[in-house]
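# What the coordinates show
As a plain string of letters, each chain reads:
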Amino acid sequence: MARFTRGFSGRSRAERDPRLPPGQYDARDDWPVLNAEVTPDLDTATWTFTVHGLVRNPTTWSWDEIHALPESSYEGDIHCVTTWSKLGMSFTGVSVDTLLAAAEPLPDATHVMAESHTGYTTNLPLADVVGGRAWVVWDVDSGPLPRDHGGPARMIVPHLYFWKSAKWVSGLRLMDHDERGFWERNGYHDRGDPWLEQRYQGD
Amino acid sequence: MGGWQTATVVGMHDETPRARTFRLRLSRPESHRAGQHYVVRLTAPDGYTAQRSYSVASPPTDSASDEIDLTVERLEGGEVSGFLHDAVEIGDELEVRGPIGGWFVWEDGPALLVGGGSGVVPVMAMLRHARATGRSDLIRLVVSVRSPDDLYYRDEITGPEVTVVYTRAAPPGVERPVGRLTLDDVGAPAEGATAYVCGSAGFADAASRLMVDAGVPVERVRVERFGPTG
């Protein structure tokens, strides 16, 4: 159990929103920008998204092609491992279910690696990106997703810490095993459930 | 990286009016690499916790460090930084966890380091490491601060491998006009250099693009952004 810190009482608990997982605070109007690489300037004319690896039909969509798929939205909260959360966000794009339905994962696929145009990667169990829990999105709160937040398009997997929601996403690679992505190799958790505070390897 | 451990505050001093360095004695010494950070967790009597990450300013040592320096900028309304500045006294115990991070670390090879404001902390660990190991020839550090009052480690940081850029107010004798970091300040990066850029989101974005403009390949630019994390 955590030990008390002498003299610390923290912010008024009356303000605490039940939508906040343990150890998180409400960033309110701020949306902090955290990434480890140079923010890329991607042209939607040449942008692509590819599902490959253990799938029956490796598939690549252009910007126009992915927009022609049925639209899907997420309304809810996001949680960053650096302890900020943002409540009541709205993202629009396409459900990962729709993309996987086209590519047809093979029966032995168990995990995915989300890949970015910058070379960033993050690993996820396949089960965490199906069933209406993961999206590739290009709009946030009714406007185009800003470049520094991953625009023109990023993943969102909002039930996990937000580093799993790869910015500038370029595709998903399906795998029959787990493999560590960028932050996971650098000490962060393989799954990253904010309600279990799975921040670092070993949590 | 281990789990949570107790650290005792054994020293503290102000770097600037808004930044204070805390020397912590770890109950379980750990080896760290230059650029890594620790998480500090505060726990209230009712179990409420708040945790934030702070870069280690002290350099790696030959064996596991039993003392580390964390430099903490006091943020407006910062729940954790405000507590650390206002309430913590020598002898207090804090829960910490680390070291964390394996990307924004420097061990060898030519490096162009750029720190904006409080973003100087992890690159200071790199500079200290280079100096301590006699390899400051590998390092070039550019620090950007608003005014002389905002310069951390001012008695130690100056040297032939360091350039300080003042964006709003400069001390007497500085010829460079005040203003934002430019290509001229950065100069030509050494052959094969990796760039390490740390600062606020706005600073990191501008400075990381400057690195690319200066000729550092985009895949050799490592960025650490400080959000308003209280």
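This structure is a prediction, so every number in the text was calculated from the model and none was measured.

### Let's talk about the overall build of chain A
Along its length, chain A carries three helices and eleven strands. Listing each helix as α and each strand as β along chain A from the N terminus yields β-β-β-α-β-β-α-β-β-β-β-β-β-α. On C-alpha atoms alone, chain A measures out to a radius of gyration of 17 Å, which is about the 17 Å that the 2.2 N^0.38 rule sets for 203 residues. Along the first, second and third principal axes, the C-alpha set of chain A runs to 60 × 35 × 30 Å. Here chain A holds 203 residues, and 41% of them are scored as buried. Within chain A, residue pairs in contact and separated by at least 24 positions form 66% of the contacts whose partners lie at least 6 positions apart.

### Describing the sheet that holds strand β9 (residues 162-166) of chain B
Residues and elements named next belong to chain B. With respect to topology, five strands assemble into an open sheet ordered β9-β8-β7-β10-β11, the strand pairing being parallel. At either margin of the open sheet sits one strand with a lone partner, and together these are β9 and β11 (221-226). Between one strand axis and the next, the sheet turns by 10° as a mean value, whatever way the strands run. The pairing of strand β10 (residues 194-200) with β11 spans six bridges and is classified as parallel. Considered in β11, the bridge of Val-197 is made with Val-223. Together, β7 (111-116), β8 (139-145), β10 and β11 form the strand contacts of helix α5 (residues 201-213), whose direction differs from that of β10 by roughly 160°.

### Remarks on unusual backbone geometry
Looking along the chain, the bond that leaves Gly151(A) and enters Pro152(A) is cis, with omega of 15°. Mapping Pro152(A) onto the fold places it in the loop between β9 (143-144) and β10 (154-156). Look at the link from Gly98(B) to Pro99(B): it is a cis peptide, with omega at -5°. Take Pro99(B): it is sitting in strand β6 (residues 93-100). Positive phi outside glycine occurs at Arg28(A), with the angle close to 50°. Its location among the elements puts Arg28(A) in the loop between β1 (25-26) and β2 (48-53). At Glu104(A), a position not held by glycine, the phi torsion is positive, near 55°. Structurally, Glu104(A) can be placed in the loop between α2 (96-103) and β6 (111-116). By C-beta crowding, Glu104(A) is classed as partly exposed, having 15 other C-beta atoms within 10 Å.

### Points about the interface of chain B and chain A
The interface of chain B with chain A comprises 38 residues on the first partner and 32 residues on the second. Going through the elements one at a time, β3 (37-43), β4 (49-55), α1 (79-86), β6, α5 and β11 of chain B are the ones with two or more residues in the side of chain B that touches chain A. Looking at side-chain class alone, the side of chain B that touches chain A contains 17 nonpolar, eleven polar and ten charged residues.

### Some words on the nonpolar core
By size, the foremost hydrophobic cluster in this structure holds 113 residues, and its most contacted members are Val136(A), Leu113(B), Met126(B), Tyr196(B) and Val197(B). Top contributing element to this core by residue count: helix α2 (residues 120-132) of chain B, with eight residues. Of the domains in this structure, domain 1 (5-100) and domain 2 (111-226) of chain B are the two that each give at least three residues to this core. Once residues within four sequence positions are removed from consideration, Val136(A) is found in contact with Phe49(A), Ile66(A), Gly93(A), Val94(A), Val96(A), Leu99(A), Ala153(A), Met155(A) and Val169(A).

### Section: the domain arrangement of chain B
Residue and element names in this part refer to chain B. On domain assignment, one finds that chain B holds domain 1 (5-100) and domain 2 (111-226). Distance between the C-alpha centres of domain 1 and domain 2: 23 Å. Contact with domain 1, which involves 14 residues of that partner, is made by 14 residues of domain 2. Among the secondary structure elements, those contributing two or more residues to the side of domain 1 that touches domain 2 are β1 (5-16) and β5 (65-73). For the side of domain 1 that touches domain 2, the residue count by class is seven nonpolar, five polar and two charged.

### Quick word on the sheet that holds strand β2 (residues 19-30) of chain B
Sheet strands associate in pairs through backbone hydrogen bonding, adopting either a parallel or an antiparallel arrangement. Residues and elements named next belong to chain B. Reading across from one edge, β4-β3-β6-β1-β2-β5 is the order of the six strands in this open sheet, with antiparallel pairing throughout. Both edges of this open sheet fall to β4 and β5, since each of them pairs with a single strand only. Taken pair by pair, the neighbouring strands of this sheet meet at an average axis angle of 40°, ignoring direction. Here four bridges tie β3 to β6, and the two strands are oriented antiparallel to one another. Bridge assignment links His-37 to a residue of β6, and that residue is Ile-100.

### Observations concerning the pairing of β2(A)
Residues and elements named next belong to chain A. In this sheet, strand β3 (residues 59-62) lies alongside β2 in antiparallel orientation, the contact comprising four bridges. For Thr-50, the partnering residue across the bridge sits in β3 and is Thr-60. Hairpin geometry of β2 and β3 is characterised by an intervening segment of five residues between the two adjacent antiparallel strands.

### Topic: α5(B)
Residue and element names in this part refer to chain B. In a regular helix each residue adds 1.5 Å, so 13 residues correspond to 18 Å; α5 covers 18 Å between its end C-alpha atoms and thus fits that length. Along α5, the residues classified as buried are Phe-203, Ala-204, Asp-205, Ala-207, Ser-208, Leu-210 and Met-211. Gly-215, located one to two residues past α5, shows a positive phi value of around 110°.

### Here we look at the environment of Pro60(B)
All names here are of chain B. Considering the arrangement of structural elements, one finds Pro-60 in the loop between β4 and β5. Judged by the 24 C-beta atoms lying within 10 Å of it, Pro-60 is buried. Spatially, the C-alpha atoms of Pro-60 and His-85 are 25 Å apart, while their sequence positions differ by 25 residues. Here Pro-60 is in contact with Ser-31, His-32, Arg-33, Ala-34 and His-129, once residues within four sequence places are set aside.

Here is what the cut-offs are and how they apply
- Residues numbered from 1 in each chain as written.
- Chains lettered and ligands numbered in written order.
- Predicted model: local features only at pLDDT ≥ 70, side-chain atom pairs only at ≥ 80, totals over all residues.
- Helix = DSSP H or I, 4+ residues; strand = E, 2+ residues; numbered from the N terminus.
- Rg over C-alpha atoms; globule rule 2.2 N^0.38 Å.
- Buried ≥ 20, exposed ≤ 12 C-beta atoms within 10 Å, placed from the backbone.
- Contact = placed C-beta atoms within 7 Å.
- Pairing = 2+ DSSP bridges.
- Axes fitted to C-alpha atoms, helices over the stretch in contact; angles between N-to-C directions.
- Nonpolar A, V, L, I, M, F, W, Y, C, P; charged D, E, K, R; others polar.
- Core = buried A, V, L, I, M, F, W, Y, C linked by C-beta atoms within 7 Å.
- Domains from an automatic or database assignment.
- Expected span 1.5 Å × (residues − 1).

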